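Spelled out from the first residue to the last, the chains are:
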2 protein chains.
Amino acid sequence: MSRTLVIKTGGGKAINVDAVVADVAQLWNDGQRMVLVHGGAETTNEVAEALGHPPQFVTSESGYESRRTDRKTLEIFEMVYCGQLNKMWVEKLQTAGVNAVGLSGLDGRIFEGRRKDKLRVRVNGKRLVLRDDWTGTVEKVNTDLLNLLLDAGYLPVLTPPASSDKGEAINVDGDRAAAMLAAAFDAEVLAILSNVPGLMREFPDESTLIPSIPAAKVNDFMEFAQGRMKKKVMGAAEAVEAGVGKVIFGDGRLETPLQSALNGGGTHIE
Amino acid sequence: MSRTLVIKTGGGKAINVDAVVADVAQLWNDGQRMVLVHGGAETTNEVAEALGHPPQFVTSESGYESRRTDRKTLEIFEMVYCGQLNKMWVEKLQTAGVNAVGLSGLDGRIFEGRRKDKLRVRVNGKRLVLRDDWTGTVEKVNTDLLNLLLDAGYLPVLTPPASSDKGEAINVDGDRAAAMLAAAFDAEVLAILSNVPGLMREFPDESTLIPSIPAAKVNDFMEFAQGRMKKKVMGAAEAVEAGVGKVIFGDGRLETPLQSALNGGGTHIE
């Protein structure tokens, strides 16, 4: 049994979904053990607007931005991540000959974590404590269920939300969930595909791409991460610290996004 | 191993979801092997309206009404069935102590069938052939995957769509999918819970409830079925013919909907 490959792909319009599917199908059919995790923030924002419940973002006291997840937002989040996008990935993989099984972190508590019952945030500079909020952090991965599926020939296609320790749905960051997953599997590689070529010294100047980062120094590179890249770098740091062989930030817009990343493209952290 | 119990529950507002969950949890924790299938037509209609793509219904040449499922409708269908509602059932079951796993028929091709690539229908009396339509009928059930989950202690919570033989998502009738599932499992009981007390001789007069139907005579009772009850009776006929011990049409609005049905309430076909 080869070591597991964990792939996290963004869900935005810039991602070349068909190319990611083709790359995944080729590796899978060559016998590579793998798990796919996908996001969906951009589409969730659009659907939330269309349903008259526009997205709100809050900033934690430590400076990270996250989605305000009241109960209605959680429902919209599940519609997009678990319905529209998870089944899109599964359908595309099935038609490409991969026996994919789409699951959220709630199912079988694949991703289990702690709900932040009081969320201390800043909104327009003001400090607030949110109580009706359904967010949290993944602390545990149900590798038993995933290995059961993998051993029987199914490719797991995973998405947030996760489950709290009480079984409640909680919105968790997909990049950090994928990092926890890669750590739990002692994965050979965690490849994170997004709509940028990798980590850049001077975002968004793509000529300043950082091709490689020694694992021990990853925290020193946090200063270059902008916006959503912050949680990817944080996830990468957690993953390599937990023993994952390599984390790659790859360009999901390419014609062969996964192969390019595995063959040296993007930012390699090892 | 006891014989399997298959439960199909509607997704409408009249269904007492928490009571269904409580009944399922009690039976599951008592060791009953079971699979839950849910619907979602009413919510899909509401979301389709809200997203500016209102539902359309067409009538087949044999007189059955079904949802016009163009690609956009399929996406909305997946948002509601696989996202909003499937994860609602899983979350409620998880918080009730049941390790539920929510899957669509597309995942691992749990429900596989034939896509009707030309759909001959009548719309306002006119005959039409629809080609951009994603509907079909379940012909095969992946009991291997479901038994894998059941044997490992997970309760499968299933929903349409199904997979075509090419891996495409197809909208299938949930009642008939549940009937195929019950047949594939050689189930002891298929309980179909909806927002009526069972089959009535004079719909909607609940005092005309038909308490029992001999399995051999079920087709004679088709004349009493109105609207969505038609496919339930058709599914029941298919299920008992395939060897399912008993099909029950139970009232999903009650305080103990499943227990009432199993204890003699509703319409029993055996």
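Report on the accompanying structure. Just so it is clear, the model here is predicted, and its values are computed rather than measured. (Residues numbered from 1 in each chain as written. Chains lettered and ligands numbered in written order. Predicted model: local features only at pLDDT ≥ 70, side-chain atom pairs only at ≥ 80, totals over all residues.)

1. Section: the overall build of chain A
Right, so step 1: For chain A, the helix and strand inventory stands at seven helices and 16 strands.
Right, so step 2: Over its C-alpha trace chain A gives a radius of gyration of 18 Å, about what one expects of a compact globule, namely 18 Å for 270 residues.
Right, so step 3: Seen through its principal axes, chain A has C-alpha atoms that stretch 50 × 40 × 35 Å.
Right, so step 4: With 270 residues in all, chain A has 53% of them scored as buried.
Right, so step 5: Here the analysis covers contacts within chain A between residues at least 6 apart in sequence; of these, 73% occur between residues at least 24 apart. (Helix = DSSP H or I, 4+ residues; strand = E, 2+ residues; numbered from the N terminus. Rg over C-alpha atoms; globule rule 2.2 N^0.38 Å. Buried ≥ 20, exposed ≤ 12 C-beta atoms within 10 Å, placed from the backbone. Contact = placed C-beta atoms within 7 Å.)

2. Some details on the pairing of strand β7 (residues 119-123) of chain A
All names here are of chain A.
Right, so step 1: With two bridges joining them, strand β3 (residues 57-60) and β7 adopt antiparallel strand pairing. Looking at β7, one finds that T59 is bridged to R122.
Right, so step 2: Pairing analysis gives five bridges linking β7 to strand β8 (residues 126-130), with the strands arranged antiparallel. Paired with V123 across the strands is K126, a residue of β8.
Right, so step 3: Count of turn residues in the β7/β8 antiparallel hairpin: two residues, of which N124 carries a positive phi of about 50°. (Pairing = 2+ DSSP bridges.)

3. Some thoughts on the relation of the copies chain A and chain B
Right, so step 1: Superposing chain A onto chain B takes a rotation of 180° plus a shift of 0.0 Å along the axis, which leaves an RMSD of 0.0 Å. Each copy turns onto its partner about a two-fold axis. (Least-squares fit on C-alpha atoms with pLDDT ≥ 70 in both.)

4. Brief notes about helix α3 (residues 71-95) of chain A
Residues and elements named next belong to chain A.
Right, so step 1: With 25 residues, α3 extends 34 Å between its outermost C-alpha atoms, agreeing within 8% with the 36 Å of an ideal straight helix rising 1.5 Å per residue.
Right, so step 2: Helix geometry: α3 is bent most strongly at N86, by close to 30°.
Right, so step 3: Most of α3 sits out of view: 21 of its 25 residues are buried.
Right, so step 4: Directly beyond the C-terminal end of α3, a positive phi value near 90° is found at G97. (Expected span 1.5 Å × (residues − 1). Bend = angle between axes of the 7 residues up to and from the residue.)

5. Notes on the packing of helix α2 (residues 41-50) of chain B against helix α3 (residues 71-95) of chain B
Residue and element names in this part refer to chain B.
Right, so step 1: Between α2 and α3, the least distance of the axes is 9 Å, while the angle of their chain directions is 125°. One element, α2, and the other, α3, form an angle in the oblique class. Both α2 and α3 take part in a crossing whose hand is right-handed. Together, T43, T44, V47 and A48 of α2 and T73, I76, F77, M79, V80, Y81, Q84 and L85 of α3 make up the contact between the two elements.
Right, so step 2: Residues of the contact of α2 with α3, tallied by class, amount to eight nonpolar, four polar and no charged. (Axes fitted to C-alpha atoms, helices over the stretch in contact; angles between N-to-C directions. Parallel < 35°, antiparallel > 145°, perpendicular 65-115°, else oblique. Left-handed = near helix turned anticlockwise from the far one by under 90°. Nonpolar A, V, L, I, M, F, W, Y, C, P; charged D, E, K, R; others polar.)

6. Here we look at the interface of chain A and chain B
Right, so step 1: At the interface, 32 residues of chain A touch 32 residues of chain B.
Right, so step 2: Among the secondary structure elements, those contributing two or more residues to the side of chain A that touches chain B are α3 and β5 (100-104) of chain A.
Right, so step 3: A total of 13 residues in the side of chain A that touches chain B trace back to one element, the largest contributor, which is α3(A).
Right, so step 4: Partitioning the side of chain A that touches chain B into residue classes produces 13 nonpolar, eleven polar and eight charged.

7. Here's the deal with the sheet that holds strand β15 (residues 246-251) of chain B
Two orientations exist for strands paired in a sheet by backbone hydrogen bonds: parallel and antiparallel.
All names here are of chain B.
Right, so step 1: Taken in spatial order, the eight strands make up an open sheet running β5-β10-β2-β1-β13-β15-β16-β14, and their pairing is mixed. Both edges of this open sheet fall to β5 (100-104) and β14 (212-213), since each of them pairs with a single strand only.
Right, so step 2: Here helix α1 (residues 17-29) sits on the sheet in contact with β1 (5-9), β2 (34-38), β10 (155-159) and β13 (189-194), set at roughly 165° to β2.

8. Regarding unusual backbone geometry
All names here are of chain A.
Right, so step 1: At the junction of F203 and P204, the peptide bond is cis and its omega measures out at 5° in the coordinates.
Right, so step 2: By the element assignment, P204 lies in the loop between β13 (189-194) and β14 (212-213).
Right, so step 3: Of note, the phi angle at R109 is positive, near 50°, even though the residue is not glycine.
Right, so step 4: Tracing the backbone through its elements, the reader meets R109 in the loop between β5 and β6 (111-115).

9. A short note on the environment of G83(B)
Right, so step 1: Mapping G83(B) onto the fold places it in helix α3.
Right, so step 2: Each C-alpha atom of the pair G83(B) and G102(B) lies 9.6 Å from the other, and the pair is 19 residues apart in sequence.

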